[in-house]
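The residues making up each chain are set out below.
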Protein chains: 2
Amino acid sequence: MKDCTIYKTMDIIGKRWTLCILLELYKGDNNEKQFNELKGMIKGITPKMLSTRLKELEEQGIIRKRVDSTALPARSFYSMTESGIDFIRIIQDIKKWALTWQFDNPKCKMSECKYCTNTVTSK
Amino acid sequence: MKDCTIYKTMDIIGKRWTLCILLELYKGDNNEKQFNELKGMIKGITPKMLSTRLKELEEQGIIRKRVDSTALPARSFYSMTESGIDFIRIIQDIKKWALTWQFDNPKCKMSECKYCTNTVTSK
DNA sequence: TTTCATAGTATCACATTAGAAACCTCCTAC
DNA sequence: GTAGGAGGTTTCTAATGTGATACTATGAAA
């Protein structure tokens, strides 16, 4: 096993879609979101990838899943744990860095991610 | 093309070895490092991967390469640009987050990355 | 009883990445 | 002329990641 903390962490958060999913969970004022809601917000993601990533993130304690089985058909609600919320500031720093040094994206520059309505668009 | 800044940035920095290479370039007091020096410090990396990542990072303006052709055989020196140095604080935040929420690594917790002698060990 | 919505899973195929091993070039020193 | 170091490149293969599409289960509503 690799011994480097950075290396191991990138195996968790470096995967495609992961940060986008966290960002979507962070957006808006409702702290719980459903599967199809996320699927709709992150355009281009397949249910398979969303399912896979959500499972990984849950295993790592970054998000949590709550199932409401009184509502029928049963509904799943995803939300961030404390560790996930703590990670948001890193995502925002990455965004700031990228906007300074790599990309020009005025829309992104202006809006706080929490209230950003950008979606990841399919190619 | 994807429109999300986060998404695009992860394509740059989310690749295997990338952050480890940046961290190695940051370490110590000498700001320039040679190819084989990096290869030796990052145990497990193949020359191919190191070469590929260095090229990518150079293209993105995160590191720079200087070739000294007066010395023979010619030597290459790699160092961080301003944008690379600015990125180090994000790497450190990621490390702090990981040590808080994901891994227990006392060696990592104690040392400032700049003077960390940990190497990425092969499995 | 057919359709709809939610929340996924299954299957298959393709593309990309990563790694191992060998090789190459330039020059120096023996 | 042969070995050796620096700084890579080439080739081939294996693993992994990703995506398209279709399918499933449950129950409500029409």
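Structural data are supplied above this passage.
Quick caveat: nothing in here was measured; it's all calculated off a predicted structure.

Visitor: With reference to specific residues and values, describe the protein's contact with DNA strand D.
Guide: Taken together, 22 residues form the shell around DNA strand D, and within it Arg16, Lys48 and Arg53 of chain A together with Ser51 and Tyr78 of chain B come nearest. The protein-proximal atoms of DNA strand D, defined as those within 4 Å of the protein, are 69% sugar or phosphate. Arg16 of chain A is positioned such that a nitrogen or oxygen atom in its side chain is 3.2 Å from a sugar or linking oxygen of DNA strand D. Take Ser51 of chain B: an N or O atom from its side chain is 2.5 Å from a phosphate oxygen of DNA strand D. Elements with a contribution of two residues or more to the surface near DNA strand D: helix H4 (47–59) of chain A together with helix H3 (35–41), helix H4 (47–59) and strand S3 (75–80) of chain B. By residue number, the principal contributor to the surface near DNA strand D is H4 of chain B, which donates 4 residues.

Visitor: Let's hear about the packing of helix H2 (residues 18–26) of chain A against helix H5 (residues 82–101) of chain A: which residues, and what values?
Guide: All names here are of chain A. Across the interface, H2 lies against H5 with an axial gap of 11 Å and an inter-helix angle of 115 degrees. With respect to H5, the axis of H2 lies roughly perpendicular. The crossing of H2 and H5 is left-handed. Residues Leu19, Leu22, Leu23 and Tyr26 of H2 touch H5, and the partners they reach there are Phe87, Ile88, Ile91, Gln92 and Ile94. A class-by-class count of the residues in the contact of H2 with H5 yields 8 nonpolar, 1 polar and no charged.

Visitor: Let's hear about the relation of the copies chain B and chain A: which residues, and what values?
Guide: If you rotate chain B by 180 degrees and push it 0.0 Å along the axis, it lands on chain A with an RMSD of 0.0 Å. Overall, the copies show the geometry of a two-fold rotation axis. Among all residues of chain B, the one whose C-alpha sits closest to the rotation axis is Gly14 of chain B, at a distance of 2.4 Å.

Visitor: Describe in detail the interface of chain B and chain A, supporting the description with residues and values.
Guide: Contacts between the two partners involve 44 residues from chain B and, on the opposite side, 44 residues from chain A. Both faces combined, the contact of chain B with chain A buries some 4,300 Å², and carbon together with sulfur accounts for 67% of it. A per-residue breakdown of the area chain B buries against chain A is headed by Ile6, Tyr7 and Trp97 of chain B, which together make up 16% of the total. Here chain B and chain A share 0 salt bridges between them. The interface formed by chain B and chain A holds 8 residue pairs in polar contact (both at pLDDT 80 or more) in total. Listing elements by their share of the side of chain B that touches chain A, those giving two or more residues are helix H1 (5–13), helix H2 (18–26), helix H5 (82–101) and helix H6 (106–110) of chain B. Element by element, the count of residues in the side of chain B that touches chain A is highest for H5 of chain B, at 14 residues. Its residues placed into classes, the side of chain B that touches chain A shows 23 nonpolar, 10 polar and 11 charged.

Visitor: Summarise the environment of Ser76 of chain A; cite the residues concerned and give the values.
Guide: Residue and element names in this part refer to chain A. Residue position: Ser76 is located in strand S3 (residues 75–80). Look at Ser76 and you get partly exposed, because its relative accessible area is 22%. Residues Ser76 and Trp17 lie 59 residues apart in sequence; the distance between their C-alpha atoms is 19 Å. Here Ser76 is in contact with Lys33, Gln34, Phe35, Lys65, Arg66 and Val67, once residues within four sequence places are set aside.

Calculation notes
- Residues numbered from 1 in each chain as written.
- Chains lettered and ligands numbered in written order.
- Predicted model: local features only at pLDDT ≥ 70, side-chain atom pairs only at ≥ 80, totals over all residues.
- Heavy atoms only, no water.
- Near = heavy atom within 4 Å.
- Polar contact = N/O pair within 3.5 Å; in protein donor to acceptor, adjacent residues only side chain to side chain.
- Helix = DSSP H or I, 4+ residues; strand = E, 2+ residues; numbered from the N terminus.
- Axes fitted to C-alpha atoms, helices over the stretch in contact; angles between N-to-C directions.
- Parallel < 35°, antiparallel > 145°, perpendicular 65-115°, else oblique.
- Left-handed = near helix turned anticlockwise from the far one by under 90°.
- Contact = heavy atoms within 4.5 Å.
- Nonpolar A, V, L, I, M, F, W, Y, C, P; charged D, E, K, R; others polar.
- Least-squares fit on C-alpha atoms with pLDDT ≥ 70 in both.
- Buried area = accessible area lost by both parts, 1.4 Å probe.
- Salt bridge = Lys/Arg side-chain N within 4 Å of Asp/Glu carboxyl O.
- Buried < 20%, exposed > 50% of the residue type's maximum accessible area, 1.4 Å probe, protein only.

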